[in-house]
Amino acid sequence: MLTKFETKSNRVKGLSFHSKRPWILASLHSGVIQLWDYRMGTLIDRFDEHDGPVRGVHFHKSQPLFVSGGDDYKIKVWNYKLHRCLFTLLGHLDYIRTVQFHHEYPWIVSASDDQTIRIWNWQSRTCISVLTGHNHYVMCASFHPKEDLVVSASLDQTVRVWDIGALRKKTVSPADDILRLSQMNTDLFGGVDAVVKYVLEGHDRGVNWAAFHPSLPLIVSGADDRQVKLWRMNDTKAWEVDTLRGHMNNVSCVMFHAKQDIIVSNSEDRSIRVWDVTKRTGVQTFRREHDRFWILASHPEMNLLAAGHDSGMIVFKLERERPAFAVSGDSLFYTKDRFLRFYEFSAQKDTQVMPIRRPGSTSLNQSPRTLSYSPTENAVLICSDVDGGSYELYFIPKDSIGRGDSLQEAKRGPGGSAVFVARNRFAVLEKSNNQVLVKNLKNEIVKKSALPIAADAIFYAGTGNLLCRAEDRVVIFDLQQRLVLGELQTPFVKYVVWSHDMESVALLSKHAIIIANKKLVHQCTLHETIRVKSGAWDDNGVFIYTTLNHIKYCLANGDSGIIRTLDVPIYITKVSGNTIFCLDRDGKNRSIVIDATEYIFKLSLLKKRYDHVMSMIRNSQLCGEAVIAYLQQKGFPDVALHFVKDERTRFNLAIESGNIQIAVASATAIDEKDYWYRLGVEALRQGNAGIVEYAYQRTKNFERLSFLYLITGNIEKLSKMMKIAEVKNDVMGQFHNALYLGDVRERVKILENVGHLPLAYITASTHGLQDVAEHLAAELGDNVPSLPEGKTASLLMPRAPVMCSGDWPLLRVMKGIFEGGLDNIGRGAADEEDEAADGDWGEELDMVDVDGLQNGDVTAILEDGEEAAENEEEVGWELEDLELPPEADTPRASVNARSSVFVAPTPGMPVSQIWVQRSSLAAEHAAAGNFDTAMRLLSRQLGIKNFAPLRPMFLDLHTGSHSYLRAFSSAPVISLAVERGWKESASPNVRGPPALVFNFSQLEEKLKAGYKATTTGKFTEALRLFISILHTIPLIVVESRREVDEVKELIIIVKEYVLGLQIELKRREVKDDPVRQQELAAYFTHCNLQMPHLRLALQNAMTVCFKAKNLATAANFARRLLETNPTLESQARTARQVLQAAERNMTDSAQLNYDFRNPFVTCGATYVPIYRGQKDVSCPYCSSRFVPSQEGQLCTVCDLAVVGADASGLLCSPSQIR
C-alpha cells in the first residue's frame, strides 16, 4: 500500500474524488465537509451548514457541484466555485446514509434510515421517485454505472436491485399526451417508476454496503456478519457466487477495483483487505493501530483509493504504476504486463521481446521495480519485491526481438537491489550484512565488498562504481579500490539520473532534486511542493524533470521553470532536441514536443553565449514579466529593455542599464515630474549636461538649472535665467543668479528694489560703485551703516570651470554585445526615438508667459522654441536663429552618442580589496587600509588587545604601500598601489601583494643596536629598541619557512632582554630596600642573555650581594662568573677575591627569595621566581611567564597581548598558509 496523502480530523463518514482535479471531499462526523487537494496536501475549503454528522457526499462528474446528506434529514447541493450551498432537498424523515449523482441524468439517489430510497431531480429540485420495500434502515444506495439499475443494502439483511428503466423513459421522453395521461394515473394510484428486480438474501446480519462491478454483472456486499459476499445476476435472477471470510468485525464498506480483478473492503476491525476476484482469496491486509474504518472511495479515472477512519482519512494506491525501464543509446527496454518490451527512439518502433515471469504469479506490488541492461552481453537484470526482494537475470536472444515468444528460465537470486557494474559483472546488495556481492553472468559470486554506509539500495555510477543510498546520504563507492569517491547529505533519494557524459548526476527525492558532479560535489538543490516523478538530461546539460502535473527544467546554477502542464503523470525516458520521450502509467510510449526557448535562452545567458541570446531575441516570441524580471535579477537590464512595451518599466530598466536615450524617450512619453527628476539624476551621473538641462527645464526646476549653468560655465544661459527670475518675480532666484554671475550692479539693484537699502549701500560701497552708493546714502539720510575698518574687499566671482559647458569627456570602450545589435529591435527604428527627443527639445525655456516683456532675449527663446517644435521634419537645428552660443547645449550630442560606440566600463575591483581577499596576513590587511580586519587577525592569531603601540605602524604600512599622484588642481589625488616584488615582465592583470615598509633585516639592525646599548649600560635606550622590535614583529612578512623560524627565535631573544632590562631598571628604583635589590639583581642573571651581558649581570649581582654581607649568595655568582671564562682579567680577579673572602664566612646576613639550585623563570609583572612545578600562565605572543593571578591582564613585557588568552599563533608568511 502506497500512502499518498493522510489527514488528521474528526471521524470521516463520507468520501468522494473529483474526476478531473486532484481533490477529495471528506464529510465528517462533526458536521463539517472538507475539500482537500491530496496532491499538494492542503485544505482548500470547508463547508459547515449541516447540523450533526454528514454521512454521504459525492462530486458531480462534470458540473462544479457536489451533494451531501446528513443526520439533519437534509440533502444539500453545493457549488464549490461559489463556496456556498445552492439549495436543500427535504423529504427524508430520518438520517441520510448515502447520496450519489447519476452519471448522465440530473438525478441524485439517497438512502435513509426512514427505510426508503429517494431519487431527486436536482435541476427541478423535486423528488421524482420513492423506492419503498426495505423494512429497516437503508445503509447505502447507488446507480449502476451503465444500466438503469439501483442497488441498495439494508439492515433488514437484504440487498435489493431496483429497475428504474420506467423512470428514465418517463422523465426523458414522454412521447405524447395520451402516454402522459396514463402516467398521471399511475402517479395518482401508486407508480411503477422503480420496481424491485431482485432481492439478494444470504447475509445473517444487517448489510452495510453493496456495489456494482463497473463492467461485469456482479455485485459485492459487506455486512455485520463479518462477511463479504459476491453475487452474480442475469436478466431474470441473481445468485450468490461466493463468500469471502477474514474480517474480525462488521464490514463497513466494500467495492470492486476499477482497473484490476480485485475487491477492496474495510471494516470496524481496523483493517483494509484486498481480495482476488478470480481466486476469491485474500491478497493483502493493511491495519491501523486504533482507528476503525467506515468508508472507501475510488477515483473514477486514476488508480487511487481513499479510506475514511476514526481520526481522518488516507489516500493510497495498491500498486506502483511506474514501469521499470532502462535506456541504452537509441533504445529503451521496459516491462509491461509480465513482458519485456523494446522501443527504438529514432524509428519510434515498439516490440515485445520476451515474457519475464510465469503468468499468475503477480500478486500486489510484485511487479518489477528496477531494470538494468548490459548492451554488450544483451542481458537484462530485473529487480522486484517478490520473496522480500529478488532479482532475475535474462539474456535476450539476438533474433528474438520482434517475436517475443521465447520463454526462458531466469537466473534468480535474493536481493532487492541489483545493477550491472561492468560488461559481464553485476552487483547485488545484501542488506543483512551490508555488503555487495559482485557476480558474473553465470550468477556465481566473484567478489564480496563491505559497504562504507548502511545502504538500502545501490545504483550504477560508472564502470566499477556504485552509488549507495542510505536514509540521509548517498556515497559513490569504487568496488576495485574499495574507496569512497564522494559523499553528499541528501533527503531520501528515490531515483538517480546520470548525464550522457557521466559528469553530472541528478538525485531525485520525493520533493527535491539535487544536482551534483561525478564526485558528488553539490551544485544546486531544487525544492518542489508536488512530488517529483522522473527526469532526464538534454543535450545541452539541462535537466528536464516531471512532477505529477508539470514538465520543468533545471539549469546548473539552480534556475528552474515550467515547460508545460501535464494532464496525467509521465516518466521521462529520453530528451532529444525539443522532443521528450516518455512512458505513461499504462506503459505506452509517448513523445511530447516542447518549446525549449525559455531554458535555452537562460542557458545561453548563463554560459555567456551572447550571440545566441541576440538571435533568440530577434527571432522568438520570448516575452512576459518572468523573463524581464529574470534578466533584471541576473544583471542584464539592457537586454530586458528590448522586451518591454510598458513605458514606465522601460524607463526603470533604461535608468538601471544607463541607457539615457531610451530613458529620455520614455520620460517624454510618461511626462511626469518624478520621472524627469530621476532622468536628471542619472544624466548628471553620466555627465550628460544637455539631458540634465532638458530634464530640469521640463520640471521647471530653476534653482537646479541655474546651478547647472554655473558649474558648466554657461554664463549666457545664466543671465537668461536671471531675466526669467525677474519676469517670474522670484527675488531670491534673481539674487542667486546675480551672485553666480558676479554682477554687482544687478545685486545692488535687487536689494534696493526690495527695500534692503543698508545692504544695497554696503554692497555698492564695498565694490566701489560710488555713484550708486552716494544716491543710496542720500536716501538713507542719518542711517548710513558704517563699513569695517582696515578690510580690503574682493569681488565674489564664480571660478571658471575646468570643462566649460558640454558633456563630460567619456572613455571609449568596446561596444557591448547587446548594444548596436539590439538597437532596432523591440521599439522600432532608432530615428523615431531621436525625433521624439528633438521634437520636445524645442520647449527649452518654456516657463515664461508674461505680457509686455521688456526682454527681447526671452521672447526670442520662446518663439524659436515653438518654431523648432513645428519644424520637426527639418534636419538639425538652425543654431543662428536661436541666438544661442555654438556649444552643444542640446542633447543631440548624447542622443547620437550611439554612433561613437560608448559603453560605460564596469568598475573593476579596488586593489586593496584584492589584497584583503587573498591574504590572512595582518600586515597586508593594514597595508590595504583595512585596519579593522588587521586588528581582528592579530587578536585571533596572537591574542593582541592593546593596539595603541601599533597605530603608527599601521599608518606607515598603509601610506607606504600606496603612491600618490596629483593630476590637476580641481581633481582629487590619484592613489596607486605599490606591489611587492613587481617586475616589468609581470602580467598587468595579476595583482601582487602590497609593498611593506617593515622587513626582517631592519629588525636585525635594531637588535645589534640594542646589544650595543646594553653593553654600554644605556638600559633605557636598549629597552626602547627591544620593545620596538617586539611591536614590529606582528607586522613583518617573510617568504620562507626558515625565515619564519628565525622570526619566532627573535621573539624569544628580545623577550628575554626586555624582561631582564625591566628587572634591572626596577632594581635601580628600589634603593631603600636592599633585600629586594639583591633579589632583582639575582633574577637578572637568570635571563637568557648573550655571554658578555650575562657576565656583566653576574658581576653586578655579585657586587650587590657582597656589599650587603650576603657572602654565600655572592660566592655563587662569583663561581658562575668564573665558569664563563671571562675575557677581562679584572672581572676574573674580582670574582676570585670574592670567593676567597666568602670561604672564610659562608653565611648570608639576609634571607632572599632566591634558590639557585631549583630551576625557575621570573614572572614578567611581579618579578618573583616561578619554580619548576608551580602553576603559571603565559603571554600568547611573547611567551613571557606570569603568576596565575595575572591572567586576563595586559602582558607587561610586550605591552600588546592579554596574558592567558587563546591564540592560533604567529602568521607571518604566505608559506604557512599554503
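Residues numbered from 1 in each chain as written. Predicted model: local features only at pLDDT ≥ 70, side-chain atom pairs only at ≥ 80, totals over all residues. Heavy atoms only, no water.

Draft legend 1. Quick peek at the packing of helix 25 (residues 1000-1015) against helix 26 (residues 1019-1032). Packing of helix 25 against helix 26 brings their axes to within 8 Å, and their N-to-C directions diverge by 160°. When the axis of helix 25 is compared with that of helix 26, the two are roughly antiparallel. Read as a crossing pair, helix 25 and helix 26 show a hand that is left-handed. Facing L1003, K1006, L1007, A1009, G1010, Y1011, A1013 and T1014 of helix 25, the residues of helix 26 in contact are F1019, E1021, A1022, L1025, F1026, S1028, I1029 and T1032. (Axes fitted to C-alpha atoms, helices over the stretch in contact; angles between N-to-C directions. Helix = DSSP H or I, 4+ residues; strand = E, 2+ residues; numbered from the N terminus. Parallel < 35°, antiparallel > 145°, perpendicular 65-115°, else oblique. Left-handed = near helix turned anticlockwise from the far one by under 90°. Contact = heavy atoms within 4.5 Å.)

Draft legend 2. Spatial organisation of the pairing of strand 21 (residues 238-245). By the bridge criterion, seven bridges tie strand 20 (residues 227-233) to strand 21 in an arrangement that is antiparallel. Pairing of M233 across the sheet is with A238, part of strand 21. Connecting the antiparallel pair strand 20 and strand 21 is a turn made up of four residues. (Pairing = 2+ DSSP bridges.)

Draft legend 3. Examining the pairing of strand 43 (residues 473-478) more closely. Burial of strand 43 is extensive: five of the six residues sit out of reach of the surface. In terms of strand pairing, strand 42 (residues 465-469) meets strand 43 through five bridges, oriented antiparallel. Directly across from R469, in strand 43, lies its bridge partner V474. Hairpin remark: strand 42 followed by strand 43, antiparallel, with three residues in the connecting loop. Bridge analysis of strand 43 against strand 44 (residues 483-489) gives six bridges, and the strand direction is antiparallel. Its bridge partner being in strand 44, R473 is matched across the sheet by Q489. In this structure, the hairpin formed by strand 43 and strand 44 is closed by a connection of four residues, where R482 is found at a positive phi of approximately 55°. (Buried < 20%, exposed > 50% of the residue type's maximum accessible area, 1.4 Å probe, protein only.)

Draft legend 4. Seen up close, the pattern of salt bridges. Applying the stated criterion across every chain, the model contains 42 salt bridges. As a salt-bridge pair, E301 and K20 come within 3.8 Å of each other at their nearest N and O atoms. One end of the pair, E301, is in the loop between strand 26 (293-298) and strand 27 (305-309); the other, K20, is in the loop between strand 2 (12-17) and strand 3 (23-28), with 281 residues separating them in the sequence. Its relative accessible area of 42% is what places E301 among the partly exposed residues. One salt bridge in this structure joins K518 and E503, with 3.1 Å as the shortest N-O distance. Taken together, the positions of K518 in the loop between strand 47 (512-517) and strand 48 (522-527) and E503 in the loop between strand 45 (493-498) and strand 46 (504-509) put the pair 15 residues apart, joining distant regions of the chain. A network of salt bridges, in which partner residues are shared, links E6, K8, R288 and D291. (Salt bridge = Lys/Arg side-chain N within 4 Å of Asp/Glu carboxyl O.)

Draft legend 5. Here's a closer look at the sheet that holds strand 43. Taken together, the four strands give an open sheet; going across it, the order is 41-42-43-44, and neighbouring strands pair in antiparallel fashion. What marks the edges here is a single partner per strand, and that holds for strand 41 (457-460) and strand 44. Across the sheet, the mean angle separating the axes of adjacent strands is 25° when strand polarity is ignored.

Draft legend 6. Quick peek at the nonpolar core. Ranked by internal contacts, the top residues of the largest apolar core, which has 88 residues, are L938, F1026, L1030, I1033, Y1181, C1182 and C1198. A total of 10 residues in this core trace back to one element, the largest contributor, which is helix 27 (residues 1041-1069). (Core = buried A, V, L, I, M, F, W, Y, C linked by side-chain atoms within 4.5 Å.)

Draft legend 7. Examining helix 15 (residues 757-766) more closely. Along helix 15, the residues classified as buried are L757, A760, Y761, T763, A764 and S765. Tucked into the core, helix 15 has its buried residues touching helix 14 (744-753) and helix 16 (770-780). Looking one or two places after helix 15, you find G768, whose phi comes out positive at around 75°.

Draft legend 8. Representation of a nonpolar patch on the surface. A contiguous nonpolar surface patch, about 240 Å² in accessible area, is contributed by L965, I974 and L976. Within the secondary structure layout, L976 lies in strand 57 (residues 974-977). Among the residues examined, L976 registers a relative accessible area of 38% and is labelled partly exposed. (Patch = residues over 30% accessible without salt bridge, like charges linked within 9 Å, V, L, I, M, F, W, Y side chains within 5 Å. Areas by Shrake-Rupley, 256 points an atom, 1.4 Å probe, with all protein chains shown as cover.)

Draft legend 9. Layout of the packing of helix 12 (residues 715-727) against helix 13 (residues 731-741). Contact geometry of helix 12 with helix 13 gives a least axis separation of 8 Å together with a crossing angle of 160°. Taken as axis vectors, helix 12 and helix 13 run roughly antiparallel relative to one another. Like other packed secondary-structure pairs, helix 12 and helix 13 cross with a definite hand, here left-handed. Together, I715, L718, S719, M721, M722, A725 and E726 of helix 12 and G733, Q734, N737, A738, Y740 and L741 of helix 13 make up the contact between the two elements.

Draft legend 10. Local environment of the sheet that holds strand 46. If you trace the four strands from one edge of the open sheet to the other, you get 45-46-47-48, paired in antiparallel fashion. Each edge of the open sheet is held by one strand with a lone partner, namely strand 45 and strand 48. Across the sheet, the axes of successive neighbouring strands diverge by a mean angle of 15°, strand direction being ignored. Note that strand 45 and strand 46 share five bridges and pair antiparallel. Pairing of V497 across the sheet is with A506, part of strand 46.

Draft legend 11. Focus on the environment of S765. Among the structural elements, S765 can be located in helix 15. Among the residues examined, S765 registers a relative accessible area of 13% and is labelled buried. Spatially, the C-alpha atom of S765 lies 8.6 Å from that of L787, the residues being 22 residues apart in sequence. The contact partners of S765, leaving out residues within four places of it in the chain, are Q770, A773 and L787.

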